Amino acid sequence: MDIIGQLLTSFFATAAFGVIFNAPKNTLVKCGLVGMGGWIIYYLSESYTGDVVLATFGATLFIGIVSQQLAKFYKTPVIIFSVAGIIPLVPGGLAYDTMRKFVEDDFFTALTLGAKVILLSGSIAFGLVFSEVINQVARKIKGASKTMRV
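Residues numbered from 1 in each chain as written. Predicted model: local features only at pLDDT ≥ 70, side-chain atom pairs only at ≥ 80, totals over all residues. Heavy atoms only, no water.

### Quick notes on the nonpolar core
Proteins that are soluble and globular tend to have nonpolar side chains buried together. Formally: Among buried residues, those of type Ala, Val, Leu, Ile, Met, Phe, Trp, Tyr and Cys that are joined through side-chain atoms within 4.5 Å constitute a nonpolar core. Accessibility here uses a 1.4 Å probe with only protein chains present; expressed as a share of the type maximum, an area under 20% marks a residue as buried, one over 50% as exposed, and anything in between as partly exposed. Each helix is a run of H or I in the DSSP string that is no shorter than four residues. Each strand is a run of E no shorter than two, and both are numbered from the N terminus. Contact definition: two residues touch when any of their heavy atoms are within 4.5 Å.
Among the nonpolar cores identified, the biggest contains 20 residues, and Cys31, Trp39, Tyr42, Ile63, Phe81 and Leu89 are the most heavily contacted of them. Breaking this core down by element, the ones donating at least two residues are α2 (28–49), α3 (52–74), α4 (78–86) and α6 (107–149). Not counting the four nearest positions on each side in its chain, Cys31 is found in contact with Thr14, Ile80, Phe81 and Ala84.

Okay, structure coming up:
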């Protein structure tokens with residue numbers, strides 16, 4: 001039952017962010033599905049491995065690859081799907097806690113949380129960049145195979 005709650009919550013959170021982000025109305029469900037897929041990959045990976053950074057990277061990689069494919073298929077910008085899709089993965093609450101600990105003069109905890117925020121943010125960035133690299137390599141391979149046939 002917990003997994004159904006995770007699916008529904010991540011879908012609606014991502015689709016709602018699409019509304020705030022002014023995504024076209026016909027892409028809101030797709031944005032929600034991208035975010036839901038990414039979150040489920042994160043949720044299952046994190047519960048299996050216990051490593052939030054690796055789970056975040058895997059989920060972001062999935063979001064980036066699916067966003068590339070949806071953008072190509074529906075002839076829309078990639079950013080519509082990728083930005084909405086990563087919203088459940090953004091460590092906003094952790095960043096807030098980091099700043100709160102700094103204000104409360106708990107510097108050790110603040111630095112620990114801050115390092116985690118940087119690692120999670122970096123894994124999101126690296127996952128998006130790596131998905132673009134995969135897309136470029138796939139395009140080159142596809143282009144090379146077309147020239148070989150001719």
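### Observations concerning the packing of α3 against α4
Just so we agree on the cut-off: To get an axis, a line is fitted to the C-alpha atoms, and for a helix only the part in contact is used. The angle between two axes follows their N-to-C directions and goes from 0 to 180 degrees. Each angle receives one of four descriptions, namely roughly parallel if under 35 degrees, roughly antiparallel if over 145, roughly perpendicular if within 65 to 115, and oblique otherwise. Less than a right angle of anticlockwise turn of the near helix away from the far helix marks a crossing as left-handed, whereas a clockwise turn marks it as right-handed. Each residue gets one label: Ala, Val, Leu, Ile, Met, Phe, Trp, Tyr, Cys and Pro are nonpolar, Asp, Glu, Lys and Arg are charged, and the others, such as Gly, are polar.
Where α3 meets α4, the axes come as close as 8 Å, and the angle between the chain directions of the two elements is 155 degrees. One element, α3, and the other, α4, form an angle in the roughly antiparallel class. Between α3 and α4 lies a crossing whose hand is right-handed. When α3 is examined against α4, the residues Thr60, Ile63, Ser67, Gln68, Leu70 and Ala71 are found in contact with a partner set consisting of Val78, Phe81, Ser82, Gly85 and Ile86. Partitioning the contact of α3 with α4 into residue classes produces six nonpolar, five polar and no charged.

### Side note on the packing of α2 against α4
One can describe the packing of α2 onto α4 by two numbers: an axis separation of 8 Å at closest approach and a directional angle of 50 degrees. Classified by the angle between their axes, α2 and α4 sit oblique to one another. The handedness of the crossing between α2 and α4 comes out as right-handed. Counted together, Lys30, Cys31, Val34 and Gly35 of α2 and Ile80, Phe81, Ala84 and Gly85 of α4 form the full contact between these two elements. In the contact of α2 with α4, the residues fall into five nonpolar, two polar and one charged.

### Things to note about a positive patch on the surface
For the record, the criterion: Surface patches are drawn from residues lacking salt bridges whose relative accessible area is over 30%; two like charges belong together within 9 Å, two nonpolar side chains (Val, Leu, Ile, Met, Phe, Trp, Tyr) within 5 Å. Only the protein chains shown count as cover for residues, and the accessible areas themselves come from Shrake-Rupley with a 1.4 Å probe. Whenever Lys or Arg places a side-chain nitrogen within 4 Å of a carboxyl oxygen from Asp or Glu, that contact is recorded as a salt bridge. The charge count treats Lys and Arg as positive and Asp and Glu as negative. His and the chain ends do not count. By convention, the point assigned to a charge is CZ for Arg, NZ for Lys, CD for Glu and CG for Asp.
Where like charges cluster on the molecular surface, the positive patch consists of Lys72, Arg139, Lys142 and Lys146. For the positive patch, the element with the most residues is α6, which contributes three residues. You can see Lys142 is positioned in helix α6.

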